[in-house]
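Breakdown of the fold
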Amino acid sequence: MNFAVSDYRPAMEPYKFTEYFQNILFEAVSLNEKMDASGLLILFDSPIDWKRLKKLLGDTYFVAAATNVEALSGAKENDIKTVLLELDDGSPVYDRITHSILEAVADDYFAPGSRLIALYSGFDSVGLDSISVINLGEHLERLTGKELRKIETKVPLKTLKMVVDLALEIGREGREGKSVGTLFVVGDTKKVLANSKPAGFDPVRGYKCKERDLFDPRVREGIKEVAQLDGAFVIALDGTVAAACRLLDASTATITLSKGLGSRHWAAAAVSRSTEAVAIAVSQSSGTVRIFLNGEVVLRIESRHSRPMVWREFDYDAP
(Lines give C-alpha, C1' and ligand atoms only; values in the text may rest on other atoms or scores of the structure.)
Protein backbone atom coordinates (compact mmCIF):
# COMPACT_ATOMS: atom_id res chain seq x y z
CA MET A 1 0.00 0.00 0.00
CA ASN A 2 1.38 3.39 -1.01
CA PHE A 3 0.87 6.68 0.81
CA ALA A 4 1.41 10.16 -0.54
CA VAL A 5 3.82 12.29 1.44
CA SER A 6 1.01 14.76 2.24
CA ASP A 7 -1.05 11.94 3.80
CA TYR A 8 1.64 10.96 6.28
CA ARG A 9 1.20 12.10 9.86
CA PRO A 10 3.47 10.73 12.54
CA ALA A 11 1.78 9.16 15.53
CA MET A 12 1.50 11.41 18.54
CA GLU A 13 3.71 10.56 21.48
CA PRO A 14 1.54 9.97 24.57
CA TYR A 15 2.03 12.09 27.67
CA LYS A 16 4.58 10.66 30.08
CA PHE A 17 3.76 10.65 33.77
CA THR A 18 7.01 12.27 34.82
CA GLU A 19 7.46 13.70 38.30
CA TYR A 20 7.07 17.21 36.85
CA PHE A 21 3.85 16.27 35.06
CA GLN A 22 2.36 14.71 38.19
CA ASN A 23 3.31 17.74 40.29
CA ILE A 24 1.47 20.01 37.84
CA LEU A 25 -1.63 17.83 38.18
CA PHE A 26 -1.43 17.82 41.98
CA GLU A 27 -1.05 21.61 42.04
CA ALA A 28 -4.14 21.98 39.86
CA VAL A 29 -6.13 19.67 42.13
CA SER A 30 -4.97 21.57 45.22
CA LEU A 31 -5.84 24.92 43.64
CA ASN A 32 -9.25 23.59 42.63
CA GLU A 33 -9.98 22.80 46.29
CA LYS A 34 -8.57 26.05 47.70
CA MET A 35 -10.44 28.23 45.18
CA ASP A 36 -13.68 26.26 45.61
CA ALA A 37 -13.71 25.78 41.82
CA SER A 38 -16.08 23.53 39.86
CA GLY A 39 -13.32 21.41 38.36
CA LEU A 40 -10.46 21.24 35.91
CA LEU A 41 -10.44 21.99 32.19
CA ILE A 42 -7.40 20.26 30.71
CA LEU A 43 -6.23 21.01 27.17
CA PHE A 44 -4.39 18.07 25.64
CA ASP A 45 -2.09 18.03 22.60
CA SER A 46 -1.38 14.30 22.69
CA PRO A 47 -3.01 11.06 23.91
CA ILE A 48 -2.71 9.97 27.52
CA ASP A 49 -3.35 6.95 29.72
CA TRP A 50 -6.83 7.97 30.88
CA LYS A 51 -7.12 5.31 33.59
CA ARG A 52 -3.89 6.45 35.18
CA LEU A 53 -4.90 10.09 34.87
CA LYS A 54 -8.23 9.43 36.60
CA LYS A 55 -6.45 7.60 39.39
CA LEU A 56 -4.08 10.54 39.96
CA LEU A 57 -6.90 13.10 39.95
CA GLY A 58 -9.04 11.04 42.30
CA ASP A 59 -12.50 12.54 42.80
CA THR A 60 -11.61 15.84 41.13
CA TYR A 61 -14.07 16.67 38.36
CA PHE A 62 -12.41 17.42 35.01
CA VAL A 63 -13.12 17.91 31.31
CA ALA A 64 -10.62 17.05 28.58
CA ALA A 65 -10.33 19.28 25.50
CA ALA A 66 -8.24 18.98 22.33
CA THR A 67 -8.06 20.19 18.74
CA ASN A 68 -7.72 16.67 17.30
CA VAL A 69 -9.47 13.34 17.73
CA GLU A 70 -6.28 11.38 18.36
CA ALA A 71 -5.47 13.33 21.52
CA LEU A 72 -8.85 12.31 22.98
CA SER A 73 -8.63 8.69 21.88
CA GLY A 74 -10.05 6.38 24.55
CA ALA A 75 -11.41 9.19 26.73
CA LYS A 76 -15.11 8.48 26.28
CA GLU A 77 -14.52 4.77 26.84
CA ASN A 78 -13.27 5.75 30.28
CA ASP A 79 -16.33 7.93 30.98
CA ILE A 80 -14.42 11.19 30.59
CA LYS A 81 -16.22 14.29 29.38
CA THR A 82 -14.55 15.67 26.27
CA VAL A 83 -14.58 18.76 24.05
CA LEU A 84 -13.28 18.47 20.50
CA LEU A 85 -12.38 21.92 19.17
CA GLU A 86 -12.85 22.95 15.54
CA LEU A 87 -9.48 24.70 15.52
CA ASP A 88 -6.07 23.98 14.02
CA ASP A 89 -3.49 22.29 16.22
CA GLY A 90 -1.36 25.41 16.06
CA SER A 91 -4.10 27.80 17.19
CA PRO A 92 -3.10 30.34 19.88
CA VAL A 93 -3.49 29.16 23.46
CA TYR A 94 -6.01 31.91 24.25
CA ASP A 95 -8.26 30.82 21.37
CA ARG A 96 -8.11 27.20 22.46
CA ILE A 97 -8.95 28.05 26.06
CA THR A 98 -11.76 30.37 25.02
CA HIS A 99 -13.34 27.86 22.65
CA SER A 100 -12.92 25.07 25.19
CA ILE A 101 -14.79 27.13 27.78
CA LEU A 102 -17.58 28.04 25.37
CA GLU A 103 -18.05 24.44 24.27
CA ALA A 104 -17.87 23.09 27.82
CA VAL A 105 -20.50 25.56 29.03
CA ALA A 106 -22.71 24.87 26.01
CA ASP A 107 -22.52 21.14 26.81
CA ASP A 108 -23.44 21.88 30.44
CA TYR A 109 -20.11 20.56 31.72
CA PHE A 110 -19.66 23.80 33.66
CA ALA A 111 -22.25 26.32 34.86
CA PRO A 112 -21.97 29.81 33.27
CA GLY A 113 -21.21 31.58 36.56
CA SER A 114 -18.78 29.07 38.01
CA ARG A 115 -15.01 29.11 38.48
CA LEU A 116 -12.69 26.55 36.91
CA ILE A 117 -9.00 25.69 36.83
CA ALA A 118 -7.52 25.49 33.33
CA LEU A 119 -4.46 23.33 32.79
CA TYR A 120 -2.66 23.64 29.44
CA SER A 121 0.60 23.92 27.56
CA GLY A 122 1.57 27.56 27.45
CA PHE A 123 5.25 27.20 26.66
CA ASP A 124 6.21 23.53 26.53
CA SER A 125 5.06 21.93 23.26
CA VAL A 126 5.15 18.40 24.68
CA GLY A 127 3.59 18.76 28.11
CA LEU A 128 1.36 20.69 30.47
CA ASP A 129 3.09 23.62 32.14
CA SER A 130 0.51 26.34 32.90
CA ILE A 131 -2.42 26.75 35.29
CA SER A 132 -5.05 29.51 35.20
CA VAL A 133 -7.96 30.31 37.48
CA ILE A 134 -10.91 31.39 35.32
CA ASN A 135 -14.11 33.00 36.58
CA LEU A 136 -16.58 32.14 33.85
CA GLY A 137 -18.91 35.07 34.52
CA GLU A 138 -16.16 37.63 33.94
CA HIS A 139 -14.52 35.72 31.11
CA LEU A 140 -17.66 35.00 29.09
CA GLU A 141 -18.99 38.53 29.41
CA ARG A 142 -15.87 39.82 27.62
CA LEU A 143 -16.51 37.57 24.63
CA THR A 144 -19.70 39.11 23.29
CA GLY A 145 -18.13 41.72 21.00
CA LYS A 146 -15.35 39.39 19.92
CA GLU A 147 -17.74 36.60 19.03
CA LEU A 148 -20.00 38.98 17.09
CA ARG A 149 -17.03 39.99 14.93
CA LYS A 150 -16.70 36.38 13.81
CA ILE A 151 -20.18 36.40 12.29
CA GLU A 152 -19.67 36.86 8.55
CA THR A 153 -22.40 39.27 7.53
CA LYS A 154 -22.94 42.55 5.71
CA VAL A 155 -24.56 43.98 8.83
CA PRO A 156 -22.21 46.56 10.43
CA LEU A 157 -20.83 45.39 13.77
CA LYS A 158 -22.06 48.61 15.41
CA THR A 159 -25.64 47.91 14.34
CA LEU A 160 -25.48 44.20 15.16
CA LYS A 161 -24.04 44.86 18.62
CA MET A 162 -26.70 47.47 19.36
CA VAL A 163 -29.58 45.17 18.35
CA VAL A 164 -28.09 42.24 20.28
CA ASP A 165 -27.74 44.44 23.37
CA LEU A 166 -31.38 45.47 23.00
CA ALA A 167 -32.41 41.83 22.68
CA LEU A 168 -30.42 41.01 25.82
CA GLU A 169 -32.18 43.77 27.74
CA ILE A 170 -35.59 42.49 26.64
CA GLY A 171 -34.69 38.92 27.58
CA ARG A 172 -33.29 40.00 30.93
CA GLU A 173 -35.87 42.61 31.97
CA GLY A 174 -39.09 41.48 30.30
CA ARG A 175 -41.92 43.99 30.66
CA GLU A 176 -44.10 44.79 33.67
CA GLY A 177 -42.83 41.73 35.50
CA LYS A 178 -43.55 39.35 32.62
CA SER A 179 -41.13 37.54 30.33
CA VAL A 180 -41.10 38.76 26.74
CA GLY A 181 -40.05 36.94 23.60
CA THR A 182 -39.42 38.71 20.32
CA LEU A 183 -37.55 38.59 17.03
CA PHE A 184 -35.29 41.07 15.22
CA VAL A 185 -34.29 40.63 11.57
CA VAL A 186 -31.35 42.86 10.63
CA GLY A 187 -30.23 43.62 7.07
CA ASP A 188 -31.40 42.71 3.53
CA THR A 189 -34.46 44.80 4.36
CA LYS A 190 -36.20 44.76 0.96
CA LYS A 191 -36.05 40.99 0.65
CA VAL A 192 -37.15 40.46 4.25
CA LEU A 193 -40.15 42.74 3.75
CA ALA A 194 -40.98 40.92 0.50
CA ASN A 195 -40.91 37.64 2.44
CA SER A 196 -43.19 38.83 5.23
CA LYS A 197 -46.57 40.41 5.79
CA PRO A 198 -48.13 42.68 8.41
CA ALA A 199 -49.51 40.95 11.49
CA GLY A 200 -51.89 43.86 11.82
CA PHE A 201 -51.14 47.37 13.03
CA ASP A 202 -47.54 48.50 12.47
CA PRO A 203 -46.64 50.76 15.43
CA VAL A 204 -43.67 52.39 13.65
CA ARG A 205 -45.40 53.18 10.37
CA GLY A 206 -45.54 56.88 9.51
CA TYR A 207 -42.72 57.95 11.83
CA LYS A 208 -39.68 59.81 10.53
CA CYS A 209 -36.35 57.96 10.26
CA LYS A 210 -34.86 59.71 13.30
CA GLU A 211 -37.90 58.62 15.31
CA ARG A 212 -37.20 54.99 14.33
CA ASP A 213 -33.44 55.08 14.98
CA LEU A 214 -32.49 52.39 17.51
CA PHE A 215 -29.33 54.26 18.42
CA ASP A 216 -31.64 56.70 20.21
CA PRO A 217 -32.23 55.40 23.77
CA ARG A 218 -35.81 56.72 23.71
CA VAL A 219 -36.58 54.69 20.60
CA ARG A 220 -35.15 51.56 22.19
CA GLU A 221 -37.39 52.03 25.22
CA GLY A 222 -40.37 52.34 22.90
CA ILE A 223 -39.37 49.16 21.09
CA LYS A 224 -39.27 47.30 24.42
CA GLU A 225 -42.96 48.16 24.85
CA VAL A 226 -43.84 47.08 21.31
CA ALA A 227 -41.88 43.83 21.72
CA GLN A 228 -44.84 42.38 23.57
CA LEU A 229 -46.83 42.35 20.30
CA ASP A 230 -46.73 39.48 17.82
CA GLY A 231 -44.41 39.54 14.84
CA ALA A 232 -40.83 40.52 14.04
CA PHE A 233 -38.95 43.79 13.86
CA VAL A 234 -37.23 44.44 10.53
CA ILE A 235 -34.08 46.52 11.09
CA ALA A 236 -32.12 48.31 8.35
CA LEU A 237 -28.32 48.27 8.20
CA ASP A 238 -28.14 51.76 9.74
CA GLY A 239 -30.16 50.67 12.80
CA THR A 240 -33.48 52.16 11.66
CA VAL A 241 -36.63 50.13 12.35
CA ALA A 242 -38.07 49.57 8.86
CA ALA A 243 -41.17 47.76 10.11
CA ALA A 244 -42.61 46.06 13.17
CA CYS A 245 -45.11 43.27 13.82
CA ARG A 246 -44.21 41.41 10.63
CA LEU A 247 -45.15 37.78 10.06
CA LEU A 248 -42.26 36.06 8.32
CA ASP A 249 -43.07 33.85 5.35
CA ALA A 250 -40.06 31.64 4.61
CA SER A 251 -39.80 27.90 4.12
CA THR A 252 -38.48 25.72 6.94
CA ALA A 253 -38.02 22.69 4.65
CA THR A 254 -34.22 22.74 4.86
CA ILE A 255 -33.98 23.85 8.50
CA THR A 256 -32.85 21.70 11.43
CA LEU A 257 -33.02 22.98 14.99
CA SER A 258 -32.59 21.56 18.45
CA LYS A 259 -35.47 20.21 20.48
CA GLY A 260 -37.52 22.67 22.45
CA LEU A 261 -37.21 25.66 20.11
CA GLY A 262 -40.55 27.13 19.07
CA SER A 263 -42.07 28.84 16.04
CA ARG A 264 -40.17 32.11 16.65
CA HIS A 265 -36.84 30.29 16.32
CA TRP A 266 -37.97 28.36 13.26
CA ALA A 267 -39.01 31.63 11.64
CA ALA A 268 -35.65 33.18 12.54
CA ALA A 269 -33.75 30.26 11.03
CA ALA A 270 -35.89 30.27 7.89
CA VAL A 271 -35.60 33.99 7.16
CA SER A 272 -31.83 33.92 7.74
CA ARG A 273 -31.58 31.03 5.26
CA SER A 274 -33.72 32.63 2.53
CA THR A 275 -32.14 36.10 2.86
CA GLU A 276 -28.79 37.64 3.80
CA ALA A 277 -30.23 39.01 7.02
CA VAL A 278 -29.18 38.15 10.56
CA ALA A 279 -32.07 37.04 12.78
CA ILE A 280 -31.95 37.55 16.55
CA ALA A 281 -34.54 35.66 18.57
CA VAL A 282 -35.34 36.20 22.25
CA SER A 283 -36.84 33.19 24.02
CA GLN A 284 -39.83 34.10 26.17
CA SER A 285 -39.37 31.09 28.46
CA SER A 286 -35.68 31.56 29.28
CA GLY A 287 -34.66 34.99 28.00
CA THR A 288 -31.95 33.32 25.93
CA VAL A 289 -30.88 35.21 22.81
CA ARG A 290 -29.97 33.19 19.72
CA ILE A 291 -28.38 34.68 16.63
CA PHE A 292 -29.18 32.99 13.31
CA LEU A 293 -27.23 33.18 10.07
CA ASN A 294 -27.87 31.09 6.96
CA GLY A 295 -30.44 28.98 8.79
CA GLU A 296 -28.23 28.07 11.75
CA VAL A 297 -27.64 29.30 15.28
CA VAL A 298 -24.17 30.85 15.25
CA LEU A 299 -24.22 32.26 18.77
CA ARG A 300 -26.30 31.76 21.89
CA ILE A 301 -26.29 34.26 24.72
CA GLU A 302 -27.85 33.74 28.12
CA SER A 303 -29.36 37.21 28.44
CA ARG A 304 -29.97 37.04 32.17
CA HIS A 305 -26.23 36.73 32.60
CA SER A 306 -25.04 38.26 29.27
CA ARG A 307 -22.81 35.28 28.62
CA PRO A 308 -22.32 33.95 25.08
CA MET A 309 -22.06 30.29 24.27
CA VAL A 310 -21.27 28.58 21.01
CA TRP A 311 -24.10 26.33 19.81
CA ARG A 312 -23.56 22.82 18.49
CA GLU A 313 -25.49 20.26 16.47
CA PHE A 314 -28.58 18.87 18.18
CA ASP A 315 -31.31 16.37 17.44
CA TYR A 316 -33.76 17.39 14.77
CA ASP A 317 -37.49 17.73 15.32
CA ALA A 318 -39.66 18.56 12.33
CA PRO A 319 -41.80 21.70 12.76
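Rules used throughout
Residues numbered from 1 in each chain as written. Predicted model: local features only at pLDDT ≥ 70, side-chain atom pairs only at ≥ 80, totals over all residues. Heavy atoms only, no water. Helix = DSSP H or I, 4+ residues; strand = E, 2+ residues; numbered from the N terminus. Buried < 20%, exposed > 50% of the residue type's maximum accessible area, 1.4 Å probe, protein only. Contact = heavy atoms within 4.5 Å. Areas by Shrake-Rupley, 256 points an atom, 1.4 Å probe, with all protein chains shown as cover. Pairing = 2+ DSSP bridges. Axes fitted to C-alpha atoms, helices over the stretch in contact; angles between N-to-C directions. Parallel < 35°, antiparallel > 145°, perpendicular 65-115°, else oblique. Left-handed = near helix turned anticlockwise from the far one by under 90°. Nonpolar A, V, L, I, M, F, W, Y, C, P; charged D, E, K, R; others polar.

**Some words on the overall build of the protein**
The number of helices and strands found in the protein is 9 helices and 13 strands. Residues classed as buried in the protein amount to 50% of the 319 residues present. Sequence-distant contacts, at least 24 apart, represent 59% of the contacts inside the protein between residues at least 6 apart. Total accessible area on the protein stands at roughly 16,400 Å², and carbon and sulfur atoms take up 48% of it.

**Notes on the pairing of strand E6 (residues 182–186)**
Of all 5 residues that make up E6, 5 are buried, and the element is covered over most of its length. Side-chain alternation along E6 places Thr182, Phe184 and Val186 on one buried face and Leu183 and Val185 on a second face that is also buried. When E6 meets strand E10 (residues 278–282), the two strands line up antiparallel, connected through 5 bridges. Among the inter-strand pairings, Val185 is bridged to a residue of E10, identified as Ala279. Pairing between E6 and strand E8 (residues 232–235): 3 bridges, direction parallel. Its bridge partner lying in E8, Val185 is registered against Val234.

**Description of the sheet that holds strand E3 (residues 81–84)**
Spatial ordering of the open sheet is given by E3-E2-E1-E4-E5, a layout of 5 strands whose pairing is mixed. Because the sheet does not close on itself, it has two edges, and the strands there are E3 and strand E5 (130–135). Adjacent strand axes in the sheet meet at a mean angle of 25° when their direction is disregarded. Strand direction decides the pairing type here: strand E1 (residues 40–43) and strand E4 (residues 115–120), joined by 3 bridges, are parallel. Each residue of the ladder has a partner; that of Leu41, found in E4, is Ala118. Strands E1, E4 and E5 of the sheet are contacted by helix H1 (residues 19–34), whose axis makes an angle of about 170° with E4. In the packing of helix H2 (residues 50–57) onto the sheet, the strands contacted are E1 and strand E2 (62–66), and the crossing angle to E2 comes to about 140°.

**Focus: the packing of H1 against H2**
Running from N to C, H1 and H2 cross one another at 45°; their axes reach a closest spacing of 10 Å. Regarding the angle of H1 to H2, the classification is oblique. H1 and H2 meet at a crossing whose hand is right-handed. For the pair H1 and H2, contact is made by Gln22, Leu25, Phe26 and Val29 and by Arg52, Leu53, Leu56 and Leu57, respectively. In terms of residue class, the contact of H1 with H2 is made up of 6 nonpolar, 1 polar and 1 charged.

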